[in-house]
Amino acid sequence: MVSKMPMDASAVLSEIRKGFILESIKTGKRLDGRSLDDYREIKITENFVPKAAGSAMVEIGKTKVVAGIKVEEGDPFEDSPDSGVMALNIELLPMAFPTFESGPPSEQAIEYSRVVDRGIRESKMVDTSKLVIESGKRVWMIFVDIDVLNYDGNIIDAATLAAVTALKNTVVPASKIGQKDYALPINATPVSITMAKIGDELVCDPDLEEEQVSNGRITVTISEDHNIHAMQKGDIGEFSLDEIRKAIKTSSNIGNKLRETYLR
Amino acid sequence: MVSKMPMDASAVLSEIRKGFILESIKTGKRLDGRSLDDYREIKITENFVPKAAGSAMVEIGKTKVVAGIKVEEGDPFEDSPDSGVMALNIELLPMAFPTFESGPPSEQAIEYSRVVDRGIRESKMVDTSKLVIESGKRVWMIFVDIDVLNYDGNIIDAATLAAVTALKNTVVPASKIGQKDYALPINATPVSITMAKIGDELVCDPDLEEEQVSNGRITVTISEDHNIHAMQKGDIGEFSLDEIRKAIKTSSNIGNKLRETYLR
Amino acid sequence: MVSKMPMDASAVLSEIRKGFILESIKTGKRLDGRSLDDYREIKITENFVPKAAGSAMVEIGKTKVVAGIKVEEGDPFEDSPDSGVMALNIELLPMAFPTFESGPPSEQAIEYSRVVDRGIRESKMVDTSKLVIESGKRVWMIFVDIDVLNYDGNIIDAATLAAVTALKNTVVPASKIGQKDYALPINATPVSITMAKIGDELVCDPDLEEEQVSNGRITVTISEDHNIHAMQKGDIGEFSLDEIRKAIKTSSNIGNKLRETYLR
Amino acid sequence: MEGNIKLIRDDGLRLDGRANNEMRPIKIQTGVVQRADGSAFIEWGANKIIVAVYVREAYPKHAQNIDRAIVKARYNMSGYSVEERKRPGPDRRTMEISKVVSEALSSAIVLEKLPRAEVDVFIQVLEADAGTRIASLTASSVAVADAGVPMRDLVVGCTAGKADGKVVLDLSKDEDNFGQADIPMAILPRTGKVVLLQLDGDVTEEEFNEATSMMMEAMPRISELQKNALMDKYSLEDGE
Amino acid sequence: MEGNIKLIRDDGLRLDGRANNEMRPIKIQTGVVQRADGSAFIEWGANKIIVAVYVREAYPKHAQNIDRAIVKARYNMSGYSVEERKRPGPDRRTMEISKVVSEALSSAIVLEKLPRAEVDVFIQVLEADAGTRIASLTASSVAVADAGVPMRDLVVGCTAGKADGKVVLDLSKDEDNFGQADIPMAILPRTGKVVLLQLDGDVTEEEFNEATSMMMEAMPRISELQKNALMDKYSLEDGE
Amino acid sequence: MEGNIKLIRDDGLRLDGRANNEMRPIKIQTGVVQRADGSAFIEWGANKIIVAVYVREAYPKHAQNIDRAIVKARYNMSGYSVEERKRPGPDRRTMEISKVVSEALSSAIVLEKLPRAEVDVFIQVLEADAGTRIASLTASSVAVADAGVPMRDLVVGCTAGKADGKVVLDLSKDEDNFGQADIPMAILPRTGKVVLLQLDGDVTEEEFNEATSMMMEAMPRISELQKNALMDKYSLEDGE
């Protein structure tokens, strides 16, 4: 489906507004009063969808996402007979932004999904070895569906927070197969920190306007062991190695704070 | 695929012609001489496709459809191990009308299919309990495919008539699995009656021009027990509750006549 | 996906250039110096993709294709329990020509695939009876994927040459199931000869410019038994029966030469 | 629709304790999708549905109606909204719902006031528990009004059906699955005109009449909730 | 194409009693799809195929040829037309048939007489019993003429093949499934020029020549049926 | 990414005999797809990848950027390029690679020099053996230059990762499958600025720094091969 009014998202931002954003960031303050490392207000509603096996609504400023988990029986992959399966998908719903379209996922939706998925998968958050029903034959499949309801920048961090929160309150419905329900076994709590490069600065948790003036985005996903489990440079733009190393340090600090505040 | 000459079907009807239709209906007579409750001439050719398990061509005026049945072995649904499966699909073939397109079914085709399907399914016409080969493992699947070859209004009634006729002459090919072929077990004979609201009147079996000037359509499917098994208000427009109740009475009368005349 | 700059491939050829081609062919010589029956230079690189079960790159002039074979376990067709399965597919990669598009295969790609497939299949080149692992249950499936990398006319012959060469060097990986690897059993070596009708002449191995001025194409696939296994008249245009019979004679002669030179 | 499961208790109430003509609780809220021109969130029993509306020039040009707006509702279910995980994208059921909801809204919107426009109504079912099409339409109507689209009236919907042989209002999930009929209906409350009506199952003429009367009685209460949701927003906006 | 099944009886006739060079019965009728610009219905043995033709401006603009028409045939099979239920929509086989039929018709239509136009030929196979592509093309040609599209000649088609080692005309389903070769061909009868030709199987040059000669002999009879179908319509129209 | 397989031999070298910071052999060639505006073929270890570039007006018009070019890379794998036959068409992995490669190239191309244009970069992986995205990007950059598209610098890429707990350069297939981390990176060598960076696995900050330093050291050698490929072509062209 083609979009109704073809438009480049960045076109909506006037040159004057762009100038304001850039000038402000040079001074270390952002237009909404945040310092460069500040996140917008974060609101988490756990178990937002009681019928799901786990769920959470996460709002970062006006960005709003819902993650819901379904746990179903399925076949293991041939090359990992003793491991459950996790599949994660972000839908950029057309309600969330004028240029988001119905239909198969866009490159943007797929990139976001895969970055969030890697952070969770590589941190070994979910202990998939405890999701085996019968070795090589039957395992639990964890479907993580994340819907973006309103888009105001920084989907990746909102989606990671929502998915991690939802997984942490997920119950495996083992009673369906005559066993006892049990909490999804969790080994780690990954947090992703996304920064935009605006002018010469790295700015945490960019809102939509900031994304529109940025030259590149970088995401770092870190778990409580302080190790890096996923990184992604996105969008057109470039970073020096120093900037990347600085991004890692920032992520480590802020990631810890977010984890302690929102993911206990 | 986009249509060749983008056009709104209603655009082809001149304002003058619309006026004629409306004026005429006010007087209780339609342009082709029918009274408000009259159907056009109905012609049914049974077993039109001898290779199918059952089939019929139905013409209502110039509207022409063919229904064909295939009966194949398949798996039952998990939640109904002792029941055969029926799937019904209407194809609005691009040959039937200039704006009908190839490709996946349109919303219109899907709505029509589902209305026809519900009338047949909810009247319990086909006794699916007698289509079980092995409980929970193997059942007969009844595929009802309805092709619209020429479109001149009132597809739903033509398709219902064609599907019901075809099902009534369907043979289950049980000899394929070493049993005896048998007639598809039939419990009821549903008939659908579709009316268009034109001006302040309800008009049975609208032709294409009448559909184009109507404000809403209503279909009622009734079987010989006089019970209602499906209803559908379609298209933009509105009905009073009185009109709807009148539509039910009309359907009951005309449905009986159609059943006796065409579906013995 | 729509093409970037909508254009009819034939539109790129000027009327003057067309005149040159036609005039030249009348004299029995083509613009590049070939006589009517000559092929362009043919270059075959066997085992171009060592990881595949078999492979070949074939260049005919500037037309360049790669065929690669994968051999995998799979289910036999219900109606041929004692036969392996072969599936052949040509991809007209968008890199090969400005109007080739990504997405599902075009009618052109499908026609080419099916003509190449028929020549190989009907000549009984691959002895599929020797590809059975367990009768009715498990067989070897031969996937022949042919990618067109650069398009300068006569895809069908290049693809047939590439597929036949690749099949001839294919190894069935039977060691995967505890048996011994073995060379794919080959019974015949089909060669396809494609001619274009240009003016009143039949011209072998047309290049792209010649295809653009031609009125019809004819392909004949012949194996060493001299029997015809596939024929296809393609494109808009017409042939007399005499021309077709002449095409068969030409194919028989040239096919033998190609087989001896390139497919020993 | 099977009838062999007991859906009415010995005390005459339904399994969830409701009387025959009793609705589930409903909450409606607007302004929930800031990016959109209008939006609404409805909780109807355990149903949770969010709707956002965008009003724009129809595109491409040849898809425009020069004298009126086109209304396109798209009913979509989240993967986690139902018992078995729903695969993304439309299916035949959701496409039919999108069509009847579009038509019901079109019957209420003053289409001629928005020539060449497309009113896109995006419906997302986050949690489904019977009656989603009617809850979606009821919320959509609020979201459309919230977007400032001129309407002749707010569409309001409701379902009735037959469970254990009795006519009941606002079917629960069990009643929907195991009852004998399901009748969703929507009206323009000012005139009482019906803009959506479907039925499937097995009902007599008398049962149909009983069901529609029951729904007609319930409609004003739901209509009130719609108006309150819109007023709350504007009074809040005034108060800020 | 397997050869181990007996397809020629001891009396030298085929399983269905036909001689080697004998066609199945053919009936052609026009004016069967009233909505279309032209149409035809063909029964060829047990094949039942309906064709409708629409002539219109090609759309979008950049898909037009400024100096001639585009011909687009679409061969489509009904779900019930074949032994195993056919899923709706094109597959590789039907797409190839659509292409060769389009090209054969294009070779007969005076394309330059209809610049910017698209001739849409919708072919629906209601019952299939071997030889559908040729029966489709033969009927399409009548439907195109019925639509008033200028043609140099009516395309007429036929098949021959090899069954039990013998060359036979107009293959039956069994001969198609179990014979050794299938050769569909179509010509413009005035000039005898070939506009469609395909072959698959195993034939010698001599067998090919025998098959094509056999088909050439049969063509005029089929051509006659096409003309009669068109004349019937017009004489009927005159008579009304 | 599992760590239970031995990837470093007792002599400290890797399974294929390379030292920690040793690359696989690389060959680059241009002018391999004559029809295209630019092209390149890269062999990187057992990887075989061909890239062709077309520069054209973006279509349709409303998809154009009036002040700069759009870059669209499409990474595609041949059916026979991997262990298990790959079905044709994009999947989620290939779509992500297409996106990051497009963005990396966009960061190097002087987009403003080609207003309204689309630079189509078609990448075909004929044989895959770990590190294809980086090899594709490295070759794409050469193909784009070969097409005469103005660039600020040739993008050059490389991977590092962790295998058996040690940081190693240019992962082999086994190291990719059974190692603990994979870090593809690409830079503009003149400034050292990073235009592509991904990571998945498990690394400490120190290991990340070691890996990136190792890659930075290797980049100039790969960059040299790119330049030679372009020079070879032009010297050959001069020599002809």
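Residues numbered from 1 in each chain as written. Chains lettered and ligands numbered in written order. Predicted model: local features only at pLDDT ≥ 70, side-chain atom pairs only at ≥ 80, totals over all residues. Heavy atoms only, no water.

Draft legend 1. Main features of the sheet that holds strand S11 (residues 217–222) of chain B. Read across the open sheet, the eight strands follow the order S10(B)-S9(B)-S11(B)-S12(B)-S9(D)-S8(D)-S6(D)-S7(D); overall the sheet is antiparallel. Looking at the sheet topology across the chains shown, the edges are occupied by strand S10 (201–204) of chain B together with strand S7 (166–169) of chain D. Here the average twist between neighbouring strands, direction ignored, is 20 degrees. Where strand S12 (residues 228–234) of chain B and strand S9 (residues 193–203) of chain D come together, four bridges link them in antiparallel fashion. (Pairing = 2+ DSSP bridges. Helix = DSSP H or I, 4+ residues; strand = E, 2+ residues; numbered from the N terminus. Axes fitted to C-alpha atoms, helices over the stretch in contact; angles between N-to-C directions.)

Draft legend 2. Spotlight on a negative patch on the surface. Together, Glu78 and Asp79 of chain A together with Glu83 and Glu84 of chain F line one region of the surface with negative charge. Note on placement: Glu84 of chain F falls in the loop between strand S4 (70–77) and helix H1 (92–108). Under the relative-accessibility criterion, Glu84 of chain F is labelled exposed at 61%. (Patch = residues over 30% accessible without salt bridge, like charges linked within 9 Å, V, L, I, M, F, W, Y side chains within 5 Å. Areas by Shrake-Rupley, 256 points an atom, 1.4 Å probe, with all protein chains shown as cover. Salt bridge = Lys/Arg side-chain N within 4 Å of Asp/Glu carboxyl O. Lys, Arg positive; Asp, Glu negative; His and termini not counted. Charge placed at Lys NZ, Arg CZ, Asp CG, Glu CD. Buried < 20%, exposed > 50% of the residue type's maximum accessible area, 1.4 Å probe, protein only.)

Draft legend 3. Structural view of the interface of chain D and chain A. Taken together, the 33 residues of chain D in the interface contact 37 residues of chain A. Here chain D packs against chain A, burying approximately 2,900 Å² in sum over the two surfaces, 60% of which is carbon and sulfur. Inspection of the region where chain D meets chain A yields three salt bridges. The residue Arg85 of chain D makes a salt bridge to Asp145 of chain A at a minimum N-O spacing of 2.8 Å. In this structure, the connection of chain D to chain A is made through 18 residue pairs in polar contact (both at pLDDT 80 or more). For the side of chain D that touches chain A, the secondary-structure elements that each account for two or more residues are strand S3 (47–57), strand S4 (70–77) and strand S5 (117–127) of chain D. (Contact = heavy atoms within 4.5 Å. Buried area = accessible area lost by both parts, 1.4 Å probe. Polar contact = N/O pair within 3.5 Å; in protein donor to acceptor, adjacent residues only side chain to side chain.)

Draft legend 4. How the structure looks around the sheet that holds strand S8 (residues 181–188) of chain E. One open sheet accounts for eight strands, arranged S10(C)-S9(C)-S11(C)-S12(C)-S9(E)-S8(E)-S6(E)-S7(E); its pairing is antiparallel. The sheet terminates laterally at strand S10 (201–204) of chain C together with strand S7 (166–169) of chain E, the two strands that pair on one side only. Each strand of the sheet is rotated relative to its neighbour by a mean of 20 degrees, with strand direction disregarded. With respect to the sheet, helix H5 (residues 241–262) of chain C is in contact with strand S9 (191–198), S10, strand S11 (217–222) and strand S12 (228–234) of chain C together with strand S9 (193–203) of chain E, its orientation differing from that of S9 of chain C by roughly 135 degrees.

Draft legend 5. Here's a closer look at the interface of chain D and chain B. Facing the 34 residues of chain D at the interface are 39 residues of chain B. Taken as a group, Arg92, Glu96 and Lys99 of chain D account for 20% of the area that chain D buries against chain B, more than any other trio of residues on that side. Where chain D meets chain B, there are six salt bridges. Here Glu238 of chain B makes a salt bridge to Arg152 of chain D, at a shortest N to O gap of 3.5 Å. Sorting the residues of the side of chain D that touches chain B by element identifies helix H1 (92–106), S9 and helix H4 (205–239) of chain D as the ones contributing at least two each. The dominant element in the side of chain D that touches chain B, judged by the number of residues it contributes, is S9 of chain D, at 11 residues. Considered class by class, the residues forming the side of chain D that touches chain B number 12 nonpolar, 11 polar and 11 charged. (Nonpolar A, V, L, I, M, F, W, Y, C, P; charged D, E, K, R; others polar.)

Draft legend 6. Here's a closer look at helix H1 (residues 15–26) of chain A. All names here are of chain A. Here H1 is 12 residues long and its end C-alpha atoms lie 17 Å apart, about the 16 Å a rise of 1.5 Å per residue gives. Of all the positions in H1, only Ile21, Ser24 and Ile25 are classed as buried. End-on view of H1: buried residues confined to an arc of 100 degrees, all on one side of the axis. Within H1, the exposed residues directed more than 90 degrees away from the buried face are Glu15, Ile16 and Lys26. The inward-facing, buried residues of H1 abut strand S9 (191–198), strand S10 (201–204) and helix H4 (208–213). Downstream of H1 by a residue or two, Gly28 has a phi angle that is positive, lying close to 85 degrees. (Expected span 1.5 Å × (residues − 1). Arc of directions from axis to C-beta.)

Draft legend 7. Region of interest: the arrangement of the chains. A gap remains between chain A and chain C, which never touch, and the nearest two C-alpha atoms on either side lie 12 Å apart. The smallest C-alpha distance separating chain B from chain C is 12 Å, and no contact links them.

Draft legend 8. Broad picture of the confidence of the model for chain A. Across chain A, pLDDT averages 94, with 95% of residues at or above 70. Segment residues 1–10 of chain A: pLDDT under 50, and 26 contacts once partners within four positions in sequence are set aside and those in other chains are kept. (pLDDT = per-residue confidence, 0-100.)

Draft legend 9. Fine view of the pairing of strand S3 (residues 47–57) of chain E. Residue and element names in this part refer to chain E. Counting buried positions along S3 yields nine of 11 residues, so the element is predominantly enclosed. Judged from the seven bridges that link them, strand S2 (residues 38–44) and S3 form a sheet pairing that is antiparallel. Bridge pairing in S3 links Glu43 to Lys48. Linking S2 to S3, which pair antiparallel, is a turn of two residues; within it Gly45 sits at a positive phi near 55 degrees.

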